[in-house]
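Listed below are the residues making up each chain.
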Amino acid sequence: MAKKELDFNFNYIINIFKRRKKVFYITFFIVMIATVAYLFIAPVKYKAKMVVEYTAGDSSNSSSIGSLASMATLAGVSGGVSNIANEIEKIKSGPVLTKIVEELDMVNKANNNKSLYAKLRGIEFTTEHMINGLLENLNISNIKETNLIEIKYESKSQEEAARIVNLIYNYYMQINKENYIKESEEYSKVLQESFNQISSQYENINKKLIDYQTKNKIDISAQQDPMIEYYAQAYMNLIKLDSEKSNLEMKKQSIENNLYELDPKTKEFILENTNVNSTINSIKSNIVQKQIQLETLKLTTPNAPQIGILEAEIKAAQKKLQETTTQILSDDLKYLAVVDKNKYEEYIQTKTQLELFDTLKESSEKMLNIIDNEISSKSPLLYKYFLLRKDKTILELKYTGLLNALEQENLKRTFYKPKLKIVTDVSIPQIPFSPNKKLTVVLGFLLGIIFGIIMVIFKENTDKNIKSKNEFEGLFRSSDIILNNIEDSRKIFNYIYKNNYKKLGIILTNPTSEQNRISDKLYNMLNQFNNNILYLKPEENQDLKQDINNYENFKKSEYGLIHFKKYDSSDYILYNELLDKKILLIQEEKTDIEEIENILDKEKNIVTVYIKK
């Protein structure tokens, strides 16, 4: 009989857990005991915390540069933009942590208190080891959507946790101030050098202008010509425009490089699809012409009503330029939206801004040429004077800007204001954060359940014995006889009597005391009914002559009962054909499934007796 596949339904699973409940409970309690033991032996840890507020840019030299961008460009100085992420990295930087290691003498303490493992390995602790140890227990993070920073440190010692947090803040403030003073002094030095150079040039141009005016008896009214003031201001605007355009060009290049990395084919695609000049040239040319008309009117006729009309037309043309450029790029570069949507939108915006900058720069350059031609059309003597006045005005703007920048930087250094200020000061923690007793118990409880289930499944899979009547019937067939206990053996006798079997064989699937007792009990009942019954319990190492004698006696006897300790015994081969019926004893949780399968495959007509636990 081939073994059938079991139906793993809900009831079957429930029965598994009913059978293996002891395994589950034992595993669960072992895990819970281990959890409680862990709470007693686990090292106690404390966490100290300080909350500080980041005041961006209050003491950064970049702010003074930012406020005077054109002057910084002229001086050859540029500043970086600081942020919270950068500041967090500075707080936990090597210089700060090295100071803490040195103050607490952590290297010597570690080398003087080495563990046995460290001694055997010959480990010599260094400052780097101590810094790595500090970083493992240090957590500095920005509180979401705020300018607040949390500095947290974990330690077995309450005092040490609080002290290290305090030292981190103090040493950061000290090092940050030292670095700021140093950077500010270097920045001031560059400004001073530029200022000295511009100051010298400014003095020289003033001297040349006065000498030229005196020598050539220039009319003082020429000094108040608005064209000179306009020319100088336009020149400074061009410098600023160049700086801002350069920043946009770098931003555009950065986006393109990023897109090229995402997909190498993007480079060729962008080059083929971003030439918008041929389409929007007429719009740009119209803006430049109207801008020149506007600036000319402002110079010659400041109160002309046409100024307002031109300003409105320029604004409308600029809006049209922006919309047209955006539309062209959006249509051509839809492919990029699939690659990276954010970069795609940023790229279009940057390209559009660059087109607007082109019109501003072109109109400014043409206005400068117009004014220059206007001045040069006057007498050569007056033209040279105008050139000197123009140079003086430009140098004056540079001189004033650099002087203001230098004074501001010196003031900021004098009234230094740190970027961080304490919101919540550190205190010695009183309650340990680890181990978390409630969380540990809950985790232990869950792990106990999980490991309990795993052990039940493991035990069920490794146990090859038959576990229940339902399992037996699910795998093989319904039992012919079911014994609820050993005393229920009369069911076998009744079955034999009803069918008038004379010679019987009992196969023990597991020669336990219970199965032996059933065999003996059955013999006693049969003997009461017929005292001529021959009962044999052959042994494997029995004398061969005695075996043959028993066989001959059993053969001649009208009634007989023989029990076999196992199916594949040598005696079974000898007596098999003499038997009217064979009875297979199957004992719950003690009979191997494979043994049952083997017997039922070979014996087609056999009585199965299932013995419940």
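Only a predicted model underlies this, so the values are computations on that prediction, with no experimental measurement involved.

Thoughts on the overall build of the chain
In terms of helices and strands, the chain carries 24 helices and 10 strands. When the 613 residues of the chain are sorted by exposure, 41% land in the buried category. On the chain, roughly 35000 Å² of surface is accessible, and the fraction owed to carbon and sulfur atoms is 52%.

Observations regarding the environment of Ser157
Assignment of secondary structure puts Ser157 in the loop between strand E3 (148-155) and helix H10 (158-216). For the pair Ser157 and Pro429, spaced 272 residues apart in sequence, the C-alpha separation works out to 9.4 Å. A polar atom in the side chain of Ser157 sits 3.2 Å from the backbone nitrogen of Glu160.

Focus: the packing of helix H5 (residues 84-91) against H10
The N-to-C vectors of H5 and H10 enclose an angle of 110°; their axes lie 10 Å apart at closest approach. Considered as vectors, H5 and H10 are oriented roughly perpendicular to each other. Of the residues in H10, those in contact with Glu87, Lys90 and Ile91 of H5 are Ile168, Tyr172 and Asn176. Looking at the contact of H5 with H10, its residues break down into three nonpolar, one polar and two charged.

Topic: the sheet that holds strand E6 (residues 503-508)
Across a sheet, paired strands are connected by hydrogen bonds in the backbone, their directions being either parallel or antiparallel. The strand order across the open sheet built from six strands is E5-E10-E9-E6-E8-E7, with neighbouring strands paired in parallel fashion. A single partner strand is all that each edge strand has here, and the edge strands are strand E5 (481-483) and strand E7 (534-536). Here the average twist between neighbouring strands, direction ignored, is 20°. Direction of pairing for E5 relative to strand E10 (residues 607-611): parallel, over a ladder of three bridges.

Some words on H10
When the terminal C-alpha atoms of H10 are compared, their 85 Å separation across 59 residues agrees well with the 87 Å that a helix rising 1.5 Å per residue should span. Between the side-chain oxygen at the start of H10 and the backbone nitrogen of Glu159 there is a gap of 3.5 Å, and the oxygen is on Ser157. In the segment just after H10, Lys217 is the residue with positive phi, at about 50°.

Comments concerning the pairing of strand E1 (residues 46-54)
Sheet topology places E1 next to E3; eight bridges connect them, and they run antiparallel. Following the sheet pairing, Lys49 is matched in E3 by Lys152. In this structure, E1 lies alongside strand E4 (residues 420-424), joined through four bridges in antiparallel fashion. From the neighbouring strand, Glu53 faces E4, where its bridge partner is Lys421.

Looking at the sheet that holds E4
If you trace the four strands from one edge of the open sheet to the other, you get E2-E3-E1-E4, paired in antiparallel fashion. Each edge of the open sheet is held by one strand with a lone partner, namely strand E2 (138-142) and E4. The sheet shows a mean angle of 30° between the axes of neighbouring strands, taken without regard to direction. Against the sheet, H5 engages E1, E2, E3 and E4, with an angle of about 165° to E2.

Side note on unusual backbone geometry
Each neighbour pair has its own omega, and for Ser434 with Pro435 the value is 0°, a cis peptide bond. Inspection of the secondary structure assignment puts Pro435 in the loop between E4 and helix H18 (437-462). For Asp105, which is not glycine, the phi dihedral falls at a positive 50°. Structurally, Asp105 is set in the loop between helix H6 (94-103) and helix H7 (106-112). Overall, the relative accessible area of 35% leaves Asp105 in the partly exposed class.

So, the confidence of the model for the chain
Looking at the chain, pLDDT values average 81 and 84% of them are 70 or higher. For the chain, helix H3 (residues 61-67) is the element with the lowest average pLDDT, namely 38, and E3 is the one with the highest, namely 94. Confidence drops under a pLDDT of 50 for residues 58-82, and excluding neighbours within four residues, the segment shows 51 contacts in the predicted structure.

Side note on H18
Between its first and last C-alpha, H18 extends 36 Å over 26 residues, near the 38 Å set by a 1.5 Å rise per residue. Measuring from the backbone nitrogen of Lys438 back to the side-chain oxygen at the start of H18 gives 3.3 Å, which picks out Asn436 as the cap.

Details of the pattern of salt bridges
For the structure on display, the rule yields 25 salt bridges. For Asp488, the salt bridge is made with Lys491, and the minimal N-O distance between the two is 3.0 Å. Look at Lys491 and you get partly exposed, because its relative accessible area is 35%. A salt bridge links Lys537 to Asp520; the nearest nitrogen and oxygen atoms lie 3.2 Å apart. In this pair, Lys537 sits in the loop between E7 and helix H22 (544-556) while Asp520 sits in helix H21 (residues 513-529), placing the two residues 17 residues apart along the sequence.

Regarding a nonpolar patch on the surface
There is a patch of nonpolar side chains on the surface, built from Leu439, Val442, Leu443, Phe445, Leu446, Leu447, Ile450, Phe451 and Ile454 and spanning about 800 Å² of accessible area. Assignment of secondary structure puts Leu447 in helix H18.

Some thoughts on the environment of Thr462
Relative to the helices and strands, Thr462 is located in helix H18. Within the local environment of Thr462, its side chain forms a polar contact with the backbone oxygen of Lys459, the two atoms lying 3.2 Å apart.

Considering the nonpolar core
With 36 residues, the main nonpolar core has Ile100, Leu134, Ile149, Ile151, Ile168 and Leu420 as its most contacted residues. Those elements that place two or more of their residues in this core are E1, H5, H6, H7, helix H9 (127-137), E2, E3 and H10. Apart from the residues lying within four places of it in its own chain, the contact partners of Leu134 are Leu97, Ile100, Val101, Met106, Tyr153 and Ile164.

Focus on the packing of aromatic side chains
As enumerated under the stated definition, the model contains 19 aromatic pairs in all. Judged by centre distance (6.3 Å) and plane angle (40°), the ring pair of Tyr495 and Tyr501 falls under tilted. Taken together, a centroid distance of 5.4 Å and an interplanar angle of 90° make the contact between Phe554 and Tyr575 edge-to-face. Placement of the pair is Phe554 in helix H22 and Tyr575 in helix H23 (residues 570-575), with a sequence separation of 21 residues. You'll find Phe554 and Tyr575 in the same group, each marked buried. In this arrangement the basic side chain of Lys47 is found over the ring face of Phe433, its NZ or CZ atom lying 4.6 Å from the centre.

Definitions and limits used
Residues numbered from 1 in each chain as written. Predicted model: local features only at pLDDT ≥ 70, side-chain atom pairs only at ≥ 80, totals over all residues. Heavy atoms only, no water. Helix = DSSP H or I, 4+ residues; strand = E, 2+ residues; numbered from the N terminus. Buried < 20%, exposed > 50% of the residue type's maximum accessible area, 1.4 Å probe, protein only. Areas by Shrake-Rupley, 256 points an atom, 1.4 Å probe, with all protein chains shown as cover. Polar contact = N/O pair within 3.5 Å; in protein donor to acceptor, adjacent residues only side chain to side chain. Axes fitted to C-alpha atoms, helices over the stretch in contact; angles between N-to-C directions. Parallel < 35°, antiparallel > 145°, perpendicular 65-115°, else oblique. Contact = heavy atoms within 4.5 Å. Nonpolar A, V, L, I, M, F, W, Y, C, P; charged D, E, K, R; others polar. Pairing = 2+ DSSP bridges. Expected span 1.5 Å × (residues − 1). pLDDT = per-residue confidence, 0-100. Salt bridge = Lys/Arg side-chain N within 4 Å of Asp/Glu carboxyl O. Patch = residues over 30% accessible without salt bridge, like charges linked within 9 Å, V, L, I, M, F, W, Y side chains within 5 Å. Core = buried A, V, L, I, M, F, W, Y, C linked by side-chain atoms within 4.5 Å. Phe/Tyr/Trp six-rings, centres within 6.5 Å; stacked < 30°, edge-to-face > 60°. Lys NZ or Arg CZ within 6 Å of the ring centre and 35° of its normal.

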